Amino acid sequence: MARKKTVDVEKTADDMFKEFKEVSVTEFFRKNKSHLGYAGKIRSLTTVVHELVTNSLDACEEAGILPEITIKLKQLGQDHYRFTCQDNGPGIPIKHISSVFGKMLAGTKFHRNIQLRGQQGIGVAGVTLFSQMTTGKPVKISSGTGSGVVHETKLMIDVRKNNAEIVEARDIKDRWRGTQIEGELKGVLFSLAEYGPFEYMRRTAIANPHATFTFIDPEGRKTTFERSSKKIPQKPCEIKPHPKNMDVDEFIQMAKASKGRHVSSFLETEFSRVSKSKVAEIQSTVTFDLKKNPRRLAWSEAEEIVKAIAEIDFMAPPTEGLCPIGDDQVKKAVLNILEPEFEATIARSPSVHSGGVPFQVEVAVAYGGNAGRNISDGGLRTEVMRFANRVPLLFDAGGCAIQKAVNSVDWKRYELRDFEHSPFTIFVNLVSTHIPYTSAGKQSVSDDDEIIKEIRMALMDVGRKFKRYHSKKRREFEKEARYTALMKYSTELASAVSQINGKDEQKILGDLQDLIKKKLRYSGGNKE
Ligand SMILES: Nc1ncnc2c1ncn2[C@@H]1O[C@H](COP(=O)(O)OP(=O)(O)OP(=O)(O)O)[C@@H](O)[C@H]1O
Ligand SMILES: [Mg+2]
């Protein structure tokens, strides 16, 4: 009996492994397209716009060009659209076109430790894939580097091989510089609502005041978000990881890849803020000699170093590699688009999240004017605008560290009694050389204690500024109400006093009103 059971199991295992074969990354995402943000008709269209716009902005900024980006959507059928994205960026050399648009994880920025919007190397090939999956058609790319030739390529992806299939290619004589991508999509829907492409562009414009965006919607309506600043953001540059919050696995991987002769020199040259004296401090805590070859570091030794680092104070990470939008620019953009009666901004100093990755948080709040969001029943809701490296995050707010930080603040303490329904906009931009997203769709930041703490501190800071403004406004409002009431009764009082003492009613009224003004220190302003 027992013997028969064993034979059955062996047979089943053999059968099972007959089907065992490798799949390409493209094949994986074809079957799991929701991981890339292609879920739901509205979201899928916004995802396409997002992938194209983020690439254009990254390319322009790396090349030091003030971005001019046009997005055009045209409806071809019920849930069938054509998209076009054009930028004035540096263009893409012809030899890279097929790997950029037809291969996932090609030319990835994964290893660069640099603050860019793109970080995975799958975004735009995902657009090609989604377009061909829903329409069976190729995407068309036109790209010029200003050299006199514009390359026009139509391509699809060979999903099994994760490789481009060129459908058509031709060269046109033209000195145009930039990139244009055009394609068709089915199973998508344009919407002006919070999760649609128009809102995505509006928020992108707020966080990128140096760029001009033109958006042509399926009805042919053209909206231009003009740049409010001509300052090109500081060019992103690579920065070394910071030793704080390194995890052991990350540390071991770096040590294995290091060309350093000793662990001590590896620490000094491959991390920021690690000086000779800091290495000496680490040496005094660990039980082995840091003269050891880093490629031979054991897991337990790496654990000792990571633990020692946790106990030592290091300077905050350098700011050069992190490019926040900046107080002035945020203020300009917020004033330009929201026209609030009150706004406050704050940028925290850089900090480090898990894996030794530096990050920085900037926060703005706006109250009154066009702040808050109108909802369909005619009411108003507080609006939380989440951004990561200036990219709006419209989806998956529930699991996002930014939303969690917003929810963790007791807004009543800052005089925002009905937090959910106020003319209030909260703007949070998280900048980092590596944003820890919860998925490849890049719409939600994972729960990192350091990130939540920094955002919370910044929010409490702007909350205090709002409270000062609001209490002053409330006091003035109360004073105004008292003044109006007292003035109203002063005429009756003057007439009654005049009847009692027989003195001139107008003189009594004048004296009374002077007294009220003096007592309330009323200067005649604040009438709303
Ligand atoms: N409009 C463009 N102009 C110039 N280069 C571009 C443009 N679009 C894409 N590229 C190049 O193609 C690369 C691949 O783009 P892709 O969107 O697939 O990945 P990514 O932006 O690096 O990362 P992510 O997957 O996070 O978006 C980019 O890193 C960039 O070098
Ligand atoms: Mg990208």
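Scroll up to find the structure.
Asks: How do you make sense of the overall build of the protein when you look at a structure like this?
Replies: Along the protein, the regular secondary structure elements total 14 helices and 16 strands. Principal axes of the C-alpha set define a box for the protein whose edges measure 120 × 70 × 70 Å. Split into buried and exposed, the 528 residues of the protein put 49% on the buried side. Taking contacts inside the protein between residues at least 6 apart in sequence as the whole, the part at least 24 apart equals 71%. Of the roughly 26,700 Å² that the protein leaves accessible, carbon and sulfur atoms contribute 50%. Taking the average location of the 82 positive side-chain charges in the protein and that of its 69 negative ones, the two points are 1 Å from each other.

Asks: For this particular structure, what's the right way to read the packing of helix 13 (residues 449-501) against helix 14 (residues 505-519)?
Replies: The angle between the axes and the distance between the axes are what describe a pair of packed helices. Contact geometry of helix 13 with helix 14 gives a least axis separation of 8 Å together with a crossing angle of 145°. In this structure, the crossing between helix 13 and helix 14 has a hand that is right-handed. Together, Tyr 483, Leu 486, Met 487, Ser 490, Thr 491, Leu 493, Ala 494, Ser 495, Val 497, Ser 498 and Asn 501 of helix 13 and Glu 505, Ile 508, Leu 509, Leu 512, Gln 513, Ile 516 and Lys 517 of helix 14 make up the contact between the two elements. In terms of residue class, the contact of helix 13 with helix 14 is built from 10 nonpolar, six polar and two charged.

Asks: How should empty space enclosed by the protein be read in this particular structure?
Replies: In this approach the atoms are scanned with a rolling probe the size of a water molecule, which exposes any empty space left behind. Following the criterion strictly, the structure yields five cavities of 30 Å³ or more and no others. If you add up the space inside the largest cavity, you get close to 100 Å³. Every residue along the wall of the largest cavity is listed here: Asp 58, Glu 61, Gln 115, Leu 116, Arg 117, Pro 233, Gln 234, Pro 236, Cys 323, Asn 389 and Arg 390. Among the residues forming the lining of the largest cavity, the class breakdown is four nonpolar, three polar and four charged. As a volume, the second largest cavity reaches approximately 50 Å³. As for the second largest cavity, its lining consists of Leu 36, Gly 37, Arg 43, Thr 46, Thr 47, His 50, Tyr 200, Pro 392, Leu 394, Phe 395, Gly 441 and Gln 443.

Asks: Just to check I follow, could you spell out the pairing of strand 2 (residues 80-87) for this structure?
Replies: Residues in a regular strand project their side chains so that they alternate between the two faces of the sheet. Taken across its eight residues, strand 2 has six buried, putting it largely inside the fold. Pairing between strand 1 (residues 68-77) and strand 2: eight bridges, direction antiparallel. When the sheet's bridge partners are listed, Leu 73 is paired in strand 2 with Phe 83. Taken together, strand 1 and the strand that follows it, strand 2, pair antiparallel across an intervening segment of two residues. Where strand 2 lies against strand 6 (residues 177-186), eight bridges are found, and the strand directions are antiparallel. The residue bridging His 80 from the neighbouring strand is Lys 186, located in strand 6.

Asks: Looking at this structure, how should I read the environment of Leu 486?
Replies: Within the fold, Leu 486 resides in helix 13. For Leu 486, a relative accessible area of 42% corresponds to the partly exposed category. Separated by 31 residues in the primary sequence, Leu 486 and Lys 517 have C-alpha atoms spaced 9.8 Å apart. Excluding residues that lie within four positions of it along the chain, Leu 486 makes contacts with Ile 516 and Leu 520.

Rules and cut-offs
- Residues numbered from 1 in each chain as written.
- Chains lettered and ligands numbered in written order.
- Predicted model: local features only at pLDDT ≥ 70, side-chain atom pairs only at ≥ 80, totals over all residues.
- Heavy atoms only, no water.
- Helix = DSSP H or I, 4+ residues; strand = E, 2+ residues; numbered from the N terminus.
- Buried < 20%, exposed > 50% of the residue type's maximum accessible area, 1.4 Å probe, protein only.
- Contact = heavy atoms within 4.5 Å.
- Areas by Shrake-Rupley, 256 points an atom, 1.4 Å probe, with all protein chains shown as cover.
- Lys, Arg positive; Asp, Glu negative; His and termini not counted.
- Charge placed at Lys NZ, Arg CZ, Asp CG, Glu CD.
- Axes fitted to C-alpha atoms, helices over the stretch in contact; angles between N-to-C directions.
- Left-handed = near helix turned anticlockwise from the far one by under 90°.
- Nonpolar A, V, L, I, M, F, W, Y, C, P; charged D, E, K, R; others polar.
- 1 Å grid on protein atoms, 1.4 Å probe; cavity = no way out; pocket = protein on both sides within 12 Å on 5 of 7 lines; lining within 4 Å.
- Points joined across faces, edges and corners; volume = space filled by probe spheres on them.
- Pairing = 2+ DSSP bridges.

Honestly, it's all geometry; don't read function into it.
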